[in-house]
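# Analysis of the macromolecular model
For reference, the chains in residue letters:
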Amino acid sequence: MRAFSYERATSVEAAAKAAARNPEAKFIAGGTNILDLMKLEIEQPSHLIDVNGLGLDTIEKTSDGGLRIGAFVRNTDLAANETVRRDYALLSRALVAGASGQLRNKATTAGNLLQRTRCPYFYDPNQPCNKRQPGSGCSAIGGFTRQLGVVGVSDACIATHPSDMAVAMRALDAVVETTGATGEKRAIPIADLHRLPGDTPHIETVLERGELITGVVLPKPAGGKHIYRKVRDRASYAFALVSVGAVVHPDGTGSIAIGGIAPKPWRIEAAESELPKGARTASAILLADARPTEHNRFKVDLVERTLGAVLAEARG
Amino acid sequence: MEFDKPATTNPIDQLKVVGKPVHRIDGESKTTGRAIYAYEWHDPKVAYAYGYPVGSSIAKGRVLSIDSAAVRKAPGVLGVVTTLDVGDLEKGKYNTAKLFGGSEVQHYHQAVAVVIAETFEQARAAAALIRIDYAAEKGRFDLKAEKTSAKTPEPSTEPESAAGDFQAAFSAAPITLDAEYTTPDQSHAMMEPHASIAAWNGDEITLWTSSQMIDWWRTDLATTLGIEKEKVHLMSPFIGGGFGGKLFLRADAVLAALAAKKIGRPVKVALPRPMIPNNTTHRPATIQRIRIGAERSGKITAIAHESWSGDLPGGGPEPAVMQTRLLYAGENRITAMKLATLDLPEGNAMRAPGEAPGLMALEIAMDEMAEKLGMDPIEFRILNDTQVDPENPERPFSYRDLVGCLKLGAQKFGWDKRPRTGTKREGNWMVGMGVAAAFRNNLVMPSGARVKLDAEGTVTVETDMTDIGTGSYTIIAQTAAEMMGVTVDKVAVQLGDSRFPVSAGSGGQFGANSATSGVYAACVKLREAITAKLGINSTDVVFEDGQVKSGSRVVSLAEAAGPDGLVGEDTMEWGDLTKTHQQSTFGGHFVEVGVDVATGETRIRRMLAVCAAGRILNPITARSQVIGAMTMGAGGALMEELSVDTRHGFFVNHDLAGYEVPVHADIPHQEVIFLDETDPYSSPMKAKGVGELGLCGVSAAIANAIYNATGVRVRDYPITLDKLLEKLPDVA
Ligand SMILES: Cc1cc2nc3c(=O)[nH]c(=O)nc-3n(C[C@H](O)[C@H](O)[C@H](O)COP(=O)(O)OP(=O)(O)OC[C@H]3O[C@@H](n4cnc5c(N)ncnc54)[C@H](O)[C@@H]3O)c2cc1C
Ligand code: SF4
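Residues numbered from 1 in each chain as written. Chains lettered and ligands numbered in written order. Predicted model: local features only at pLDDT ≥ 70, side-chain atom pairs only at ≥ 80, totals over all residues. Heavy atoms only, no water.

### Digging into the overall build of chain A
- Within chain A one finds 12 helices and 11 strands.
- For a compact globule of 316 residues, the expected C-alpha radius of gyration is about 20 Å, and chain A comes in at 19 Å, within 12% of that figure.
- In terms of its C-alpha atoms, chain A occupies a principal-axis envelope of roughly 55 × 50 × 35 Å.
- Looking at chain A as a whole, 59% of its 316 residues qualify as buried.
- If you take every contact in chain A between residues at least 6 apart in sequence, the share linking residues at least 24 apart comes to 62%.
- Just so you have it, chain A exposes about 12,600 Å², and 50% of that area is on carbon and sulfur atoms. (Helix = DSSP H or I, 4+ residues; strand = E, 2+ residues; numbered from the N terminus. Rg over C-alpha atoms; globule rule 2.2 N^0.38 Å. Buried < 20%, exposed > 50% of the residue type's maximum accessible area, 1.4 Å probe, protein only. Contact = heavy atoms within 4.5 Å. Areas by Shrake-Rupley, 256 points an atom, 1.4 Å probe, with all protein chains shown as cover.)

Structural data, given as structure tokens:
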């Protein structure tokens, strides 16, 4: 870990400005991801801006019946919130399927959205990695790729976004609210937050330098059955091989996002109108552009089978 | 004392303390944080420095140059020791890969430098500034690809065995099986990382470390540093797990010693977790071929087990065929091991080496064979039980009750309710049961101890035995208490210090039986010293209630000790009973699993182990060993695998996020039953090892249960869902 200076931000605007001023600055929220990465020098900020004191840790109804979740609401608190459990149960279920109790107590809404990939080559600083060191090459391609992505990937990077929470938010049509360096506010649909790698896998989101996530807004409750099915090699404390976040209505329509297979929560709205026809048709659309490796080809089958199980559960 | 005749009645047989469920005497110090582990030794008067190791980024080749100019200028840095600075060091007797020194790189993350600074953080930050030039060479990293080049290893590894005419019998057998199985490389993944503190005093060194085998480490550290063994003092009283990963001297000890020498101050070095899987040893992968031929009645007439594994030059094979020499009858048999040269990190002992991966294969093969024969797998095993070494029928087992384990287990587990293959469903779960035999040889090692009696009547045991979480402290206290006629609270146990008599150490499930036997021998000496001092006839003396009683004479131990105290010291040596009699431990593992019909996820629902392992010295610590081992078996069956990057030659998933071991949610209720038995051929304790037995066969029982649930036979471990998916029923 490189030596770094540290400040506690006093306001959202000041935090954004301070971050924009210093290209080597990073925000720290729960710290459960960035500190690990700093220890391995995968992240090397020379300055940390602690945003934990900014408030933004409440969950409130919006005027149009939706829900605004503060950027620094802890994952544990979000999962336990009564409104979330009642009206957005998918989100609650996805959260508790992630990490461990201790980690969820620290992890924040914003930090969770921006957590970085778990590609094992990204984690080994001896290995070339386009995401860690742009232009150095991708060691994963041609190597051990069982966990990695099958769709939305590129020749430069096949890593996945590992978040469970983000999958639920994608299916729930969340909107991410930010404040930029000059104080301007943006509302970014979660579909647009994460970028596909293309040939710049180190640029992971559309956020600009200094832009601070202040909250996430969920539209008014959509009803339906909320199911989060996370498939993994061990029963707990493991990232998803594949996960399915689903809101399914009595008529068989609904919204579906898939985790564990792509650089972002994977949702294709066109697949959803096919849901009543069953998992095979829908997953064929979801994975039309899939380019799996020999090691992770099983994920294609697994998406279809897991989606099938989720739809069956929804029919109940 | 030499143990060369079967044990007769001795003071241990009183079973006033031995065999009782005594809680760990070191438990409180552990739960209250007062047990001091290697990295935590702290003398406030000492200014410790911190060493951070640097691992090679290539798997094979040479270090050309190391530029540490930037490192030396970094804040807090006290010094750098590089592998080029120190030149070639002599390798310890027990190491295959060299740990440090010289330009040759034998494997990924081999230690190439240690950066020393005032704080850990400074050392770590500075270590990242080192620049190393390598000349990489092409290596061999893929066991499958090297299989054909594998050779018969050295005779000392006993690579081959045979009896009768296998080929003829196999060709003639009406029912045959010929199948290949694979087991992956695995990492010990113990909780406490390898860590050492070194402090020099003139030309003498004290090393606080985490070692299973004090004397092996002491010898090999002296060799590596080129000093006399007497100059090395090693301390390892508490160990946070080892599983074989701490049997042999490791790089943290060498780096700490060299770093402390360099800066003239005590230095702490711990291996960072992501460095452990590639820097240290691992269980090597195997490819195994098993052939079994049987009569229609189920009687095995031919059995062959061959295994291929790889290691660095000078290393040895994974002895995966050993149990097949002894477990089942059959007149015509062969076993053979082949060793390929691989440039991966050193393969070596891990959690029941040999039997663990060997039974993973053999016990699936037995299940497959039973099915071909249309027999119940338990009946098939019982039919082929043997009471003699099948390769040398004149050599009996000292005691063998495999059949008892299987029968009792079947009854307790409800084996009669095992469903027909692939037929039982509960919701989305396909449910099945599996069984496997457990088998592990009982090894014995010379083991010494010193037992002191003081004027307060306190008995103090000193031995360099280690407690790696197994319960050594407690069973040693029980042994001394039984022998000296006192309660456990009157016994103090001091372990893991090289100033104490050399013991068996912890490994190969030889620790408990050997080390308590050494304490037994030392107690016999102490009893003799007491009776000699009191001038009483040692044949009619009784030690009980803290007193020595002979006829009407009663003397308290405190009084007998007197102000100067008394000492007994001895080493238990072993005669040839292990040669005349095959000594092994046995068990039956029973498992019920559910497999999700859609996703192929396997979750274990119930586990039972029935063990026959001689006298159980303490049912609490023994049970704890067995359930821990069953958990390792679950890991081996379902998730544990070091994934090899065969292009660059390293284990890719080299941290605990990537290398998955079971978590609590993976482990259901576990039941353990010990058969009530004693084995007078094993030792005066009449006990045997039990720790590793608990792991042997578990993974195969799980594999067989998955087959029973799904009808899908997977022969490549671990049985992850991707290996089942294609063959599971259509659900879409
Ligand atoms: C062992 C382990 C297991 C895990 N398992 C899972 C799992 O199964 N499923 C899962 O989904 N996750 C898992 N996680 C990841 C965990 O969810 C994330 O580490 C956590 O959500 C990150 O939140 P944080 O607040 O700690 O982020 P931090 O580490 O503080 O920050 C993460 C990133 O977000 C940036 N950031 C933080 N706040 C803001 C803001 N307001 N605006 C802009 N940028 C910001 C930081 O600069 C940093 O780059 C696991 C983590 C660990 C360590
Ligand atoms: S897949 Fe992406 S993160 Fe992984 S090594 Fe390649 S570039 Fe790096």
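### A look at the overall build of chain B
- Along chain B, the regular secondary structure elements total 18 helices and 30 strands.
- Across its three principal directions, the C-alpha atoms of chain B cover 80 × 75 × 50 Å.
- Taking all contacts inside chain B whose residues are at least 6 apart in sequence as the whole, residues at least 24 apart take part in 80%.
- Surface exposure of chain B reaches about 25,500 Å², of which carbon and sulfur atoms provide 51%.
- Side chains of chain B carry 74 positive and 90 negative charges; the gap between the two charge centres is 2 Å. (Lys, Arg positive; Asp, Glu negative; His and termini not counted. Charge placed at Lys NZ, Arg CZ, Asp CG, Glu CD.)

### Focus: the interface of chain B and chain A
- Contacts between the two partners involve 38 residues from chain B, matched on the other side by 34 residues from chain A.
- Summing both partners gives a buried area of about 3,000 Å² for chain B against chain A, and 52% of it is carried by carbon and sulfur.
- Of all residues in chain B, Arg 124, Arg 647 and Glu 660 of chain B give up the largest surface area on contact with chain A, accounting jointly for 17% of the area buried on that side.
- Counting every contact that joins chain B to chain A gives four salt bridges.
- Among the ionic pairs, Arg 229 of chain A bridges to Asp 596 of chain B, the shortest N-O distance being 3.0 Å.
- Counting across the interface, chain B meets chain A through 20 residue pairs in polar contact (both at pLDDT 80 or more). (Buried area = accessible area lost by both parts, 1.4 Å probe. Salt bridge = Lys/Arg side-chain N within 4 Å of Asp/Glu carboxyl O. Polar contact = N/O pair within 3.5 Å; in protein donor to acceptor, adjacent residues only side chain to side chain.)

### A closer look at the packing of helix H7 (residues 214-225) of chain B against helix H8 (residues 251-263) of chain B
Residues and elements named next belong to chain B.
- In the contact formed by H7 and H8, the axes pass within 11 Å of each other and the chain directions differ by 50°. The angle between H7 and H8 places the two elements in the oblique class. Crossing angle aside, the handedness with which H7 passes H8 is right-handed. Contact with H7, carried on its side by Trp 217, Leu 221, Thr 224 and Leu 225, involves Ala 253, Val 254, Ala 257 and Leu 258 of H8 and no other residues of that element.
- A per-class count over the contact of H7 with H8 returns seven nonpolar, one polar and no charged. (Axes fitted to C-alpha atoms, helices over the stretch in contact; angles between N-to-C directions. Parallel < 35°, antiparallel > 145°, perpendicular 65-115°, else oblique. Left-handed = near helix turned anticlockwise from the far one by under 90°. Nonpolar A, V, L, I, M, F, W, Y, C, P; charged D, E, K, R; others polar.)

### Some remarks on the sheet that holds strand E2 (residues 49-55) of chain B
All names here are of chain B.
- A sheet is described by the order of its strands in space; here seven strands give the open sequence E4-E6-E2-E13-E10-E11-E12, paired in mixed fashion. Each edge of the sheet is formed by a strand with only one pairing partner; in this case those strands are strand E4 (77-82) and strand E12 (232-235). Strand after strand, the sheet turns through a mean of 20° between neighbouring axes, direction not considered.
- The sheet contact formed by strand E10 (residues 195-201) and strand E13 (residues 267-270) spans four bridges and is antiparallel. Among the inter-strand pairings, Ser 196 is bridged to a residue of E13, identified as Val 269.
- Running at roughly 140° to E12, H7 makes contact with E10, strand E11 (204-209) and E12 of the sheet.
- Strand contacts of H8: E2, E4, strand E6 (111-117), E10, E11 and E13, with the helix running at about 35° to E10, the strand carrying the most contacts. (Pairing = 2+ DSSP bridges.)

### Here's the deal with the domain arrangement of chain B
Residue and element names in this part refer to chain B.
- Parsing chain B into structural domains produces domain 1 (2-35 + 444-579), domain 2 (38-137 + 190-279) and domain 3 (390-442 + 583-725).
- Measuring from the centre of the C-alpha atoms in domain 1 to the corresponding centre in domain 3 gives 34 Å.
- Residue-level contacts link 36 residues of domain 1 with 29 residues of domain 3.
- Between domain 1 and domain 3, roughly 2,400 Å² of surface is buried when both sides are summed, and carbon and sulfur atoms account for 55% of that area.
- At the boundary of domain 1 with domain 3, the tally comes to two salt bridges.
- Across the salt bridge formed by Lys 686 and Asp 13, the nearest N and O atoms sit 2.8 Å from each other.
- Sorting the residues of the side of domain 1 that touches domain 3 by element identifies helix H13 (472-484), helix H14 (511-534), strand E25 (566-574) and helix H16 (577-580) as the ones contributing at least two each.
- Partitioning the side of domain 1 that touches domain 3 into residue classes produces 15 nonpolar, 17 polar and four charged. (Domains from an automatic or database assignment.)

### Remarks on the packing of aromatic side chains
Residues and elements named next belong to chain B.
- Counted according to the given criterion, the structure contains 16 aromatic pairs over all chains.
- Between Phe 439 and Phe 586, the aromatic rings sit 5.6 Å apart at their centres with planes inclined by 65°, giving edge-to-face as the arrangement. Residue Phe 439 is found in strand E18 (residues 429-441), and its partner Phe 586 is found in strand E26 (residues 584-596); the two are separated by 147 residues along the sequence. In this pair, the class of Phe 439 matches that of Phe 586, namely buried. (Phe/Tyr/Trp six-rings, centres within 6.5 Å; stacked < 30°, edge-to-face > 60°.)

### Digging into the confidence of the model for chain B
- For chain B, the mean per-residue pLDDT works out to 97, and 100% of the residues sit at or above 70.
- Model confidence for the complex: the whole-complex pTM is 0.98, and ipTM, which rates the interface, is 0.97. (pLDDT = per-residue confidence, 0-100.)

### As for the site of ligand 2
Residues and elements named next belong to chain A.
- In the neighbourhood of ligand 2, 13 residues make up the surrounding shell, with Cys 119, Cys 129, Cys 138, Cys 157 and Ile 158 lying closest.
- More than half of the atoms of ligand 2 fall within 2 Å of the grid points belonging to the largest cavity.
- Among the residues making up the shell around ligand 2, the classes are represented as 10 nonpolar, two polar and one charged. (Near = heavy atom within 4 Å. 1 Å grid on protein atoms, 1.4 Å probe; cavity = no way out; pocket = protein on both sides within 12 Å on 5 of 7 lines; lining within 4 Å. Sits in = over half its atoms within 2 Å of the grid points.)

### Some thoughts on the side chain of Asn 75 of chain A
All names here are of chain A.
- Within the secondary structure, Asn 75 sits in helix H3 (residues 75-80).
- In this structure Asn 75 comes out as buried when scored by relative accessible area, which is 3%.
- For Asn 75, the residues in contact, after removing those within four places along its chain, are Leu 95, Arg 104, Ala 107, Thr 108, Thr 109, Asn 112 and Met 165.

### Observations concerning the sheet that holds strand E23 (residues 547-550) of chain B
Residues and elements named next belong to chain B.
- Pairing is antiparallel across the open sheet formed by three strands, whose spatial order is E22-E23-E24. Both edges of this open sheet fall to strand E22 (541-544) and strand E24 (553-556), since each of them pairs with a single strand only. Neighbour-to-neighbour, the strand axes of the sheet open up by a mean angle of 20°, direction not taken into account.
- The pairing of E23 with E24 spans four bridges and is classified as antiparallel. Among the inter-strand pairings, Lys 549 is bridged to a residue of E24, identified as Val 554.
- Contacts from H14 reach E22, E23 and E24, with the element oriented near 120° to E22.

### Here's the deal with the site of ligand 1
Residues and elements named next belong to chain A.
- As a matter of local geometry, ligand 1 sits amid 32 residues, with Phe 27, Gly 31, Thr 32, Thr 108 and Asp 164 nearest to it.
- Here Ala 29 contributes a backbone N or O atom positioned 2.8 Å from an oxygen atom of ligand 1.
- Measuring from a nitrogen atom of ligand 1, one finds a backbone N or O atom of Ile 213 at 2.9 Å.
- A total of 980 Å² of accessible area belongs to ligand 1 in isolation, and the protein chains cover 93% of it.
- Of all the secondary-structure elements, those providing two or more residues to the shell around ligand 1 are strand E2 (25-28), helix H2 (34-39), helix H7 (109-113) and strand E8 (212-218).

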